[in-house]
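Residue-level listing of the chains:
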Amino acid sequence: VMAVGGGITVWMLSGGSEKTVGVEPQNSPTTKPAGPAIPFGVGTGLFGMYYPNRDYGKAPTTRVDGEIDLRWEDKHLPIPQPADKAFAVTWVGEIEAVEAGNYEFQIAVDDGCRLFVGGSLVIDSWRDGGVESKTSDPIAMPFRGRLPIRLEYYNQGGPGITRFKWLRPRRASYGYETVPKAHLY
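Presented here is a report on the structure given in the accompanying data block.

1. A look at the overall build of the protein chain
Part 1: Scanning the protein chain for helices and strands turns up 0 helices and 15 strands.
Part 2: The buried share of the protein chain, reckoned over its 185 residues, is 36%.
Part 3: Within the protein chain, counting contacts between residues at least 6 apart in sequence, those at least 24 apart form 66% of the total.
Part 4: Summed over all atoms, the accessible surface of the protein chain reaches about 10200 Å², with 52% contributed by carbon and sulfur.

2. Focus: the environment of Cys 113
Part 1: Within the element layout of this structure, Cys 113 appears in strand E9 (residues 112-117).
Part 2: For the pair formed by Cys 113 and Asp 128, sequence separation is 15 residues and the distance between their alpha carbons is 9.5 Å.
Part 3: Those residues in contact with Cys 113 that sit more than four places away from it in its chain are Ile 107, Ile 123, Asp 124, Ser 125, Trp 126, Glu 152 and Tyr 153.

3. Some details on the packing of aromatic side chains
Part 1: Under the defined criterion, the tally for this structure stands at 6 aromatic pairs.
Part 2: Ring geometry for Tyr 50 versus Trp 91: centroids 6.3 Å apart, planes at 85°, classification edge-to-face. Taken together, the residues span a long stretch of sequence, with Tyr 50 in strand E4 (residues 46-51) and Trp 91 in strand E7 (residues 87-96) at a distance of 41 residues.
Part 3: Ring geometry for Trp 126 and Tyr 154: centres 4.8 Å apart, planes at 65°, overall edge-to-face. Of the two residues, Trp 126 sits in the loop between strand E10 (120-125) and strand E11 (132-135) while Tyr 154 sits in strand E13 (residues 146-155), which places them 28 residues apart along the sequence.
Part 4: The exposure class assigned to Trp 126 is partly exposed, which follows from its relative accessible area of 24%.
Part 5: Seen from the ring of Trp 126, Arg 114 lies directly overhead, with NZ or CZ sitting 3.9 Å from the centre.
Part 6: One residue, Arg 146, lies across the ring of Tyr 185, its end atom 3.6 Å from the ring centre.

4. A look at the pairing of E13
Part 1: Inspection of the sheet shows E7 paired to E13 by 10 bridges, in the antiparallel sense. Counterpart to Val 89 in the pairing with E13 is Tyr 153.
Part 2: Relative to E13, E9 runs antiparallel, the two sharing 6 bridges. The residue bridging Cys 113 from the neighbouring strand is Tyr 153, located in E13.

5. Some points on the nonpolar core
Part 1: Counting 30 residues, the largest nonpolar core has Trp 72, Trp 91, Ile 95, Phe 105 and Phe 164 as the members making the most contacts within it.
Part 2: Mapped by element, the contributors of at least two residues to this core are E4, strand E6 (69-72), E7, strand E8 (101-110), E9, strand E12 (139-141), E13 and strand E14 (160-167).
Part 3: Residues within four places of Phe 164 in sequence aside, it is in contact with Ile 68, Ile 95, Phe 105, Gln 106, Ile 107, Leu 115, Ile 149, Leu 151, Glu 177, Thr 178, Val 179 and Leu 184.

6. Some remarks on the side chain of His 183
Part 1: With respect to the element layout, His 183 can be found in the segment after strand E15 (177-178).
Part 2: A relative accessible area of 11% places His 183 in the buried class.
Part 3: Separated by 2.9 Å, the side chains of His 183 and Glu 96 make a polar contact.
Part 4: Excluding residues that lie within four positions of it along the chain, His 183 makes contacts with Phe 40, Gly 41, Glu 94, Ile 95, Glu 96, Val 98 and Trp 166.

7. Brief notes about the sheet that holds E13
Part 1: With antiparallel pairing, 6 strands are arranged side by side in an open sheet as E5-E4-E7-E13-E9-E10. Each edge of the open sheet carries a strand with a single partner, namely strand E5 (61-65) and E10. Sheet twist, expressed as the mean angle between neighbouring strand axes with direction ignored, is 15°.

8. Points about the environment of Pro 159
Part 1: Along the polypeptide, Pro 159 turns up in the loop between E13 and E14.
Part 2: Spatially, the C-alpha atom of Pro 159 lies 6.2 Å from that of Trp 72, the residues being 87 residues apart in sequence.
Part 3: For Pro 159, the contacting residues outside a window of four places in its chain are Arg 71, Trp 72 and Asp 110.

Procedures and definitions
- Every chain begins its residue count from 1, and numbering advances along the sequence as written.
- Two thresholds apply to this predicted model, a pLDDT of at least 70 for residue-level local features and 80 or more for giving and counting side-chain atom pairs, whereas whole-chain, interface and lining totals are computed over all residues.
- Note that the side-chain values use all heavy atoms of the structure and ignore hydrogens as well as water.
- Helix and strand labels come from DSSP, where a helix needs a run of H or I of at least four residues and a strand needs a run of E of at least two; each type is numbered from the N terminus.
- Under the scheme applied here, a residue whose accessible area is under 20% of the maximum for its type counts as buried, over 50% as exposed, and between as partly exposed, the area being computed with a 1.4 Å probe on protein chains only.
- Throughout, a residue-residue contact means that at least one pair of heavy atoms, one from each residue, lies within 4.5 Å.
- All accessibility values rest on the Shrake-Rupley procedure with a 1.4 Å probe; residue burial counts only the protein chains present in the view.
- Whether two aromatic rings pair depends on their centres lying within 6.5 Å, for rings of Phe, Tyr and Trp, where Trp uses its six-membered ring; planes under 30 degrees apart make the pair stacked, over 60 edge-to-face, and the rest tilted.
- The rule is short: NZ of Lys or CZ of Arg within 6 Å of the ring centre and within 35 degrees of the ring normal puts a charge over the ring.
- Strand pairing is assigned whenever DSSP detects at least two bridges linking the two strands.
- The criterion is simple. A nonpolar core is a set of buried Ala, Val, Leu, Ile, Met, Phe, Trp, Tyr and Cys residues joined through side-chain atoms within 4.5 Å.
- The definition of a polar contact used here is a pair of N or O atoms within 3.5 Å, where within protein one atom must be able to donate a hydrogen and the other to accept one, and adjacent residues in sequence count solely through side-chain atom pairs.
- Helix axes are fitted to C-alpha atoms over the stretch in contact, other axes to C-alpha atoms as well, and angles between N-to-C directions run from 0 to 180 degrees.

Structure representation (structure tokens):
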């Protein structure tokens, strides 16, 4: 069975070829109404797991973070900051496309980060260093399409920064913008 348009088409394989054997029209009394529309632009952010060390050795403290545009100081951490200021965070969720096209993602961090989009590693900078921006290759997304994301970050010590931005297809002239929480689920 394969959905086509608003109706149902039944396919039968015969000698390696497909042939339509029946179509149920959309207005048929046996056709079920479409489910509710998927909400668009109502995200609340990404689920963050905060670890009081770089090696993820203890159970995390969790919270939902809206926009990932953070300068790490004691007031931003939901955990007591260790004396050496080393900690790690993993955010997970989905990102939603505002328009169809190729998106680029950029992360500015001090120290290391990794970004997975759609299950693929697209940014890998898992090393100590000062503030650096890392950018992914373009990733095609359909209008209102959602892809799973995972952003991993660690701070080895001292001040830390984590900024998650995107370059939208129709707004390239605006440059990289912070991904709004409304499109993070």
